[in-house]
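Residue-level structural notes
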Amino acid sequence: MFETLQKATLDKIFVLMAEYAADPRTNKIDLGVGVYKDPKNNTPIMSAVKKAEQRILDGAKTKTYKGVVGNKEFSQAIVDLALGGVVDASRIRTVNGAGGTGALMTLLHVLGRARPGGKIYISDPTWPNHIPLAENANLKVEYYPYFDATTRKVDFDAMMKVIDGLGGNDIVLLHGCCHNPTGANLTKAQWDLVAESLKRTGAFPLIDLAYLGFGDGLEEDAYGVRKVAASVPESMIAFSASKNFGLYRERAGVSIAIAKDSATADVVSSQMQNVIRGTISQTPDHGAEVVRVILEDAELRAEWAAELKEMRERMQRLRVKLADAIRRKSNSKDFDFIAEHSGMFSLLGLAPDVVQKLKTEDAVYMINDSRINVAGIPEDRVDELADYLIAAAG
Ligand code: LMR
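A brief structural summary.

1. Focus: the site of the ligand
Residues in contact with the ligand, as listed here, are Ile 13, Phe 14, Val 33, Gly 34, Trp 127, Asn 180, Tyr 211, Lys 243 and Arg 371. Taken by itself the ligand offers 260 Å² of open surface, and the protein chains cover 86% of this. Here the shell around the ligand is built from residues that sort into five nonpolar, two polar and two charged.

2. Observations regarding unusual backbone geometry
In this structure, Pro 125 follows Asp 124 across a cis peptide bond, with omega equal to 5°. For the bond running from Asn 180 to Pro 181, omega is 20°, close enough to zero to count as cis. Mapped onto the fold, Pro 181 is located in the loop between strand E7 (171-175) and helix H7 (188-201). Positive phi values are uncommon outside glycine, yet Arg 152 reaches one of about 60°. Here Arg 152 shows up in the loop between strand E5 (147-148) and strand E6 (153-154). A positive phi angle, near 60°, is found at Arg 251, a position not held by glycine.

3. Quick look at the nonpolar core
Counting residues in each nonpolar core, the largest one holds 133 residues, and the members touching the most others are Ile 120, Met 159, Leu 206, Trp 304, Leu 322 and Met 366. Apart from residues no more than four positions distant in its own chain, Leu 206 is found in contact with Leu 104, Leu 107, Leu 108, Leu 111, Ile 120, Ile 171, Val 172, Leu 173, Leu 174 and Met 236.

4. Topic: the environment of Ile 207
If you trace the backbone, Ile 207 turns up in strand E8 (residues 204-209). In sequence terms Ile 207 and Met 236 are 29 residues apart; their C-alpha atoms lie 6.2 Å from each other. Once you skip the residues sitting within four places of it in the chain, Ile 207 turns out to touch Leu 174, His 175, Gly 176, Val 225, Val 228, Met 236, Ile 237 and Ala 238.

5. Details of the pattern of salt bridges
In total, this model carries 22 salt bridges according to the counting rule given. Of the charged contacts in the structure, one is a salt bridge between Asp 30 and Lys 37, with a shortest N-O distance of 3.0 Å. No difference in accessibility class separates Asp 30 from Lys 37, as the two residues are buried.

6. Overview of the side chain of His 130
With respect to the helices and strands, the residue His 130 is situated in helix H5 (residues 130-136). With relative accessibility at 2%, the residue His 130 sits in the buried group. There is a polar contact of 2.7 Å between the side chain of His 130 and the side chain of Thr 126. Ignoring any residue separated from it by four or fewer positions in sequence, one finds His 130 in contact with Leu 104, Ile 122, Leu 173, His 175 and Asp 208.

7. Considerations on the packing of aromatic side chains
Throughout the structure, instances matching the rule amount to five aromatic pairs. Measuring from centroid to centroid gives 5.6 Å for Tyr 211 and Phe 345, while their planes differ by 80°, and the two rings are edge-to-face. Taken together, the positions of Tyr 211 in the loop between E8 and helix H8 (218-221) and Phe 345 in strand E11 (residues 345-347) put the pair 134 residues apart, joining distant regions of the chain. Taken individually, Tyr 211 and Phe 345 each receive the classification buried, so the pair is uniform in this respect. Plain terms: the ring middles of Phe 245 and Trp 304 are 4.3 Å apart, the flat faces sit at 5° to each other, and that makes the pair stacked. Taken together, the residues span a long stretch of sequence, with Phe 245 in the loop between strand E9 (235-240) and strand E10 (252-258) and Trp 304 in helix H12 (residues 298-330) at a distance of 59 residues. Accessibility classification places Phe 245 together with Trp 304 in one group, the buried group. Here the aromatic residues Tyr 211, Phe 214 and Phe 345 are joined through ring pairs into a cluster of three or more. Against the face of Tyr 20 rests Lys 28, its NZ or CZ located 4.5 Å from the ring centre. The ring centre of Phe 345 lies 3.7 Å from the NZ or CZ of Arg 371, which sits over that ring.

8. Overview of the packing of H7 against helix H9 (residues 223-231)
Put simply, H7 and H9 touch, their axes get as near as 9 Å, and they point 25° apart. In this view, H7 runs roughly parallel relative to H9, as classed from their interaxial angle. Read as a crossing pair, H7 and H9 show a hand that is right-handed. Between H7, through Lys 188, Trp 191, Asp 192, Ala 195, Leu 198 and Lys 199, and H9, the contact on the second element is made entirely by Tyr 223, Gly 224, Lys 227, Val 228 and Ser 231.

9. Notes on the pairing of E10
A large share of E10 lies buried, amounting to seven of its seven residues. In this structure, strand E2 (residues 92-98) lies alongside E10, joined through seven bridges in antiparallel fashion. Paired with Thr 94 across the two strands is Ile 256, which belongs to E10. Judged from the six bridges that link them, E9 and E10 form a sheet pairing that is antiparallel.

10. A short note on the pairing of E7
With five of five residues buried, E7 is to be regarded as a mostly interior element. Burial of the side chains of E7 extends over both faces: Ile 171, Leu 173 and His 175 are buried on one face and Val 172 and Leu 174 on the other. Relative to E7, strand E3 (residues 119-124) runs parallel, the two sharing three bridges. The partner of Tyr 121 across the bridge, within E7, is Val 172. Note: E7 against E8, five bridges, orientation parallel. By the bridge assignment, Ile 171 is partnered in E8 with Phe 204. Between the parallel elements E7 and E8, the chain passes through H7 in a crossover that is right-handed.

The rules we used
Once a new chain begins, its residue numbering starts again from 1 and follows that chain's sequence as written. pLDDT decides what is reported in this predicted model: residues at 70 or higher carry local features, side-chain atom pairs at 80 or more are listed and counted, and totals for whole chains, interfaces and linings draw on all residues regardless. Side-chain figures throughout are based on the complete set of non-hydrogen atoms in the structure, without hydrogens or water. Only a single heavy atom is needed: when it lies within 4 Å of a molecule or strand, its residue is near that molecule or strand. Note that accessible areas follow from Shrake-Rupley with a 1.4 Å probe, and for residues the cover is restricted to the protein chains shown. Basically, the charged four are Asp, Glu, Lys and Arg, the nonpolar ten are Ala, Val, Leu, Ile, Met, Phe, Trp, Tyr, Cys and Pro, and anything else, Gly included, counts as polar. Each helix is a run of H or I in the DSSP string that is no shorter than four residues. Each strand is a run of E no shorter than two, and both are numbered from the N terminus. Working definition of a nonpolar core: buried Ala, Val, Leu, Ile, Met, Phe, Trp, Tyr and Cys residues. They are joined through side-chain atoms within 4.5 Å. Throughout this description, buried means an accessible area under 20% of the type-specific maximum (1.4 Å probe, protein chains only), exposed means over 50%, and partly exposed covers the range between. The contact criterion used is simple: two residues touch if any of their non-hydrogen atoms lie within 4.5 Å. The term salt bridge refers to a pairing of a side-chain nitrogen on Lys or Arg with a carboxyl oxygen on Asp or Glu at a separation within 4 Å. Polar contacts, as counted here, are pairs of nitrogen or oxygen atoms within 3.5 Å of one another; within protein the pair requires one atom able to donate a hydrogen and one able to accept it, and residues that are adjacent in sequence qualify only if both atoms are side-chain atoms. Stacked, tilted and edge-to-face pairs are distinguished by plane angle, under 30 degrees for stacked and over 60 for edge-to-face with tilted covering the rest, among Phe, Tyr and Trp rings (Trp via its six-membered ring) whose centres lie within 6.5 Å. The criterion is that NZ of a Lys, or CZ of an Arg, lies within 6 Å of the ring centre and within 35 degrees of the ring normal, and then a charge sits over that ring. Fitted lines through C-alpha atoms serve as axes, helices being fitted only where they are in contact, and the angles separating the N-to-C directions of these axes extend from 0 to 180 degrees. Angles below 35 degrees are treated as roughly parallel, those above 145 as roughly antiparallel, those between 65 and 115 as roughly perpendicular, and all remaining angles as oblique. Should the near helix be turned anticlockwise from the far one by less than a right angle, the crossing is left-handed, and should it be turned clockwise, the crossing is right-handed. We call two strands paired when DSSP finds no fewer than two bridges between them. Crossover handedness is defined here as right-handed if the route from the first strand over the helix to the second strand goes clockwise, with the strands pointing away from the viewer.

Laid out in structure tokens, this is it:
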């Protein structure tokens, strides 16, 4: 049986994570996989999560199936958080996803059924997993330009040249906030123009919302998704609770579909449920229930939001510290963009061989496209890291 198989390509992010774990050097620096790190370099369990888990443990009476749509109250809380009431509930349907990736998988499969072999336009560059996810759903991947490697900002004119030329059969995958991998994000005015364009052309937006609250704030980061969802008749959103609730391995996410009317929404819902049942049958519930408990309880919710704010502000502080150190030491503003970007990542613009050298010689790990996870910047070794980066950039 297996003789027909060839070795598949593994995702570079998780290959690097394993390499980092296996590296015995005690001075190693992990700027690779996108997980939040505290000052002690741990990825902690948030205190609101711990408390919610305790409540669940104390109160749980059963582990029977929830049903194919999953934890409805969790989904509702996420719809409220992400959309803030901008779309009438009669047009919205949800199912839980196995994490944000699972949520994307369900939505993409439904889109693949709606437009078999249809084109999905993905930002160049993007999170590497977007590509196999779309291809596995029978969609054809095309790209729209996104990042200007010289200014390290969004190349909005180039992006809109493609977006404006799309048609009603095309799908556009947008990063709702905190673009991965670049860290360069659309302004509110640019989101307005994207929404207007989609409304005009009828191209279908699928929004990946994996970092809500990691950029400028929970409300601020929801601007784009709300603007688009309120502007067009039909859209989809994949929400991940991995980062903003620190629930990575619990796989909590929500697939949100917005249709032009309630009857169409019911059809989409049946398709989403059909995908879930035919792939994983039921979605995991522990992380979903944790989020539900937190968001439905005023005190826990406030505690979570405060902790999230602390995480966000720490990442912003680390950005500024690293950019400042590089400017001070090199007398150049070449890395100022790190402080201007937002979210978890920045794309440094280093060549793959430079990235490789940083890993082998300095034990500094980043993705080979030179994406860094800013949460991994060691606050007490910022100067040392700045030296490595300055030397590497030549
Ligand atoms: C990342 O981009 O590093 C994270 O989203 C983890 C992942 O699943 O790739």
